[in-house]
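# Analysis of the macromolecular model
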Amino acid sequence: MDEIKIFAPATVANISCGFDVLGCCLDAIGDEMIIRKSPAKGVKITKIIGENLPLETDKNVAGVAALALLDKLNFNENFGFEIEIYKNIKPGSGVGSSAASAAGVVFAINELLGKPFTKLELIEFAREGERLACGSPIADNVAPAIFGGFTLVKSTNPLKIIELPTLKGLYATIIHPQIEIKTEDSRSILPSKIELSEAVKQWANLGSLVHALHTNDYNLFSESLTDYIVEPYRSKLIPDFDKVKNNALQAGALGCGISGSGPSIFTFSKDKQIAKNVSVAISEVYKKIDVPFHIYITKINTQGIKIL
Ligand code: HSE
């Protein structure tokens, strides 16, 4: 195989109670990428359609992730790689734009080379893209992009990822008000120390959410989707966040919170019809105050990156 075309999915990180550790993979939002072997050595980004992002390999998250993989192999063959990126996920939207590019490219090169690396190892390379994008090698977007479904980052050193089951029939509605929030900025407003009493509530929710996924318990899943620690700070950056959340819950959503570092807001619903009702209810909020937005209704993607 000399060329591969892939779908690199958007992801929701944190999921209210799991800051920096929990994430899930989406199905209806994602980038496409074509990666091919080229006679010229090295990694060259030949095309980026949809967004104005750097073509220089060492300034692009996909380029940096690809180089991390090839470095590990001490790659010295008579060929290199060309990358074409068709971006649908806006950078700074909170649904893992950089993670999709970084995870997508390492997945694709691994396929072209006959899979020398495991999925876990690919996450290590993709994290280098995240380091370039936001200053921290976070794994909670790249892990679900590569594994699919819900994932838990058990530890980053050594990297350990736990694949979690997905509630059957679960849908997400994601609303993206058209403002950009850089992950780095959104991280810089968070406190470095937190109240023990808040931490207790948060880790109780994280534990119960994981239990809910294992037991397919929608009520417990819903009750666990509260963020006592990060949302109070970050929600101030998002127009009418409280109203969106209120409308989502009124329309039957199981929960609602900030997707990753925002400004996108995720909601989960038991089925597609409720996800559609939620979509109407939360759109109203931004229509009223004239905030342009995009909205998506999507299943949970249990496969992760897909070969097209
Ligand atoms: N866990 C990261 C954060 C995800 O919330 O900063 C960034 O998308």
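## Examining the nonpolar core
Within the largest apolar cluster, 72 residues are counted, with the highest numbers of intra-cluster contacts made by I35, V105, F150, F221 and F268. When residues of this core are assigned to their parent elements, the largest contribution, 10 residues, is made by helix α2 (residues 97–112). By size, the runner-up hydrophobic cluster in this structure holds 15 residues, among which are I282, V285, Y286 and V291.

## Observations concerning the pattern of salt bridges
This structure, assessed with the given rule, holds 17 salt bridges. A salt bridge links E198 to K201; the nearest nitrogen and oxygen atoms lie 3.3 Å apart. Remark: K201 and E198 occur in helix α6 (residues 196–215); sequence separation between them is 3 residues, near one turn of the helix. Linked by salt bridges that have partners in common, E3, R36, E82 and E84 make up one network.

## Section: helix α3 (residues 119–134)
The terminal C-alpha atoms of α3 lie 22 Å apart, and with 16 residues this matches the ideal 22 Å at 1.5 Å per residue to within 8%. Looking only at α3, the buried set comprises L122, I123, F125, A126, R127, G129, E130 and C134. Of the surrounding elements, those touching the buried residues of α3 are α1 (61–72), α2, α4 (142–147), β5 (150–156), β6 (159–164) and α5 (183–188). Looking one or two residues past α3, G135 carries a phi angle of roughly 90°, positive in sign.

## Here's the deal with the site of the ligand
Near the ligand, the surroundings consist of A13, N14, F19, D20, I138, D140, N141, T183, R187, R234, G260 and S261. A distance of 2.5 Å is found between a nitrogen atom of the ligand and a side-chain nitrogen or oxygen belonging to D20. Summarising the interface, the protein chains cover 97% of the accessible area of the ligand, which totals 260 Å² for the free molecule. Taken together, the residues that form the shell around the ligand break down as 3 nonpolar, 5 polar and 4 charged. Among the domains, domain 1 (3–165) and domain 2 (171–299) are the pair contributing at least three residues each to the shell around the ligand.

## Some words on unusual backbone geometry
Following N157, the chain continues into P158 via a peptide bond in cis, with omega recorded as 5°. Tracing the backbone through its elements, the reader meets P158 in the loop between β5 and β6. Cis peptide bonds are those with omega within 30 degrees of zero, and the linkage from G262 to P263 qualifies with 5°. Although it is not a glycine, D290 adopts a positive phi angle of roughly 60°. Take D290: it is sitting in the loop between α10 (272–288) and β10 (293–299).

Cut-offs and rules
Residues numbered from 1 in each chain as written. Predicted model: local features only at pLDDT ≥ 70, side-chain atom pairs only at ≥ 80, totals over all residues. Heavy atoms only, no water. Core = buried A, V, L, I, M, F, W, Y, C linked by side-chain atoms within 4.5 Å. Buried < 20%, exposed > 50% of the residue type's maximum accessible area, 1.4 Å probe, protein only. Helix = DSSP H or I, 4+ residues; strand = E, 2+ residues; numbered from the N terminus. Salt bridge = Lys/Arg side-chain N within 4 Å of Asp/Glu carboxyl O. Expected span 1.5 Å × (residues − 1). Contact = heavy atoms within 4.5 Å. Near = heavy atom within 4 Å. Polar contact = N/O pair within 3.5 Å; in protein donor to acceptor, adjacent residues only side chain to side chain. Areas by Shrake-Rupley, 256 points an atom, 1.4 Å probe, with all protein chains shown as cover. Nonpolar A, V, L, I, M, F, W, Y, C, P; charged D, E, K, R; others polar. Domains from an automatic or database assignment.

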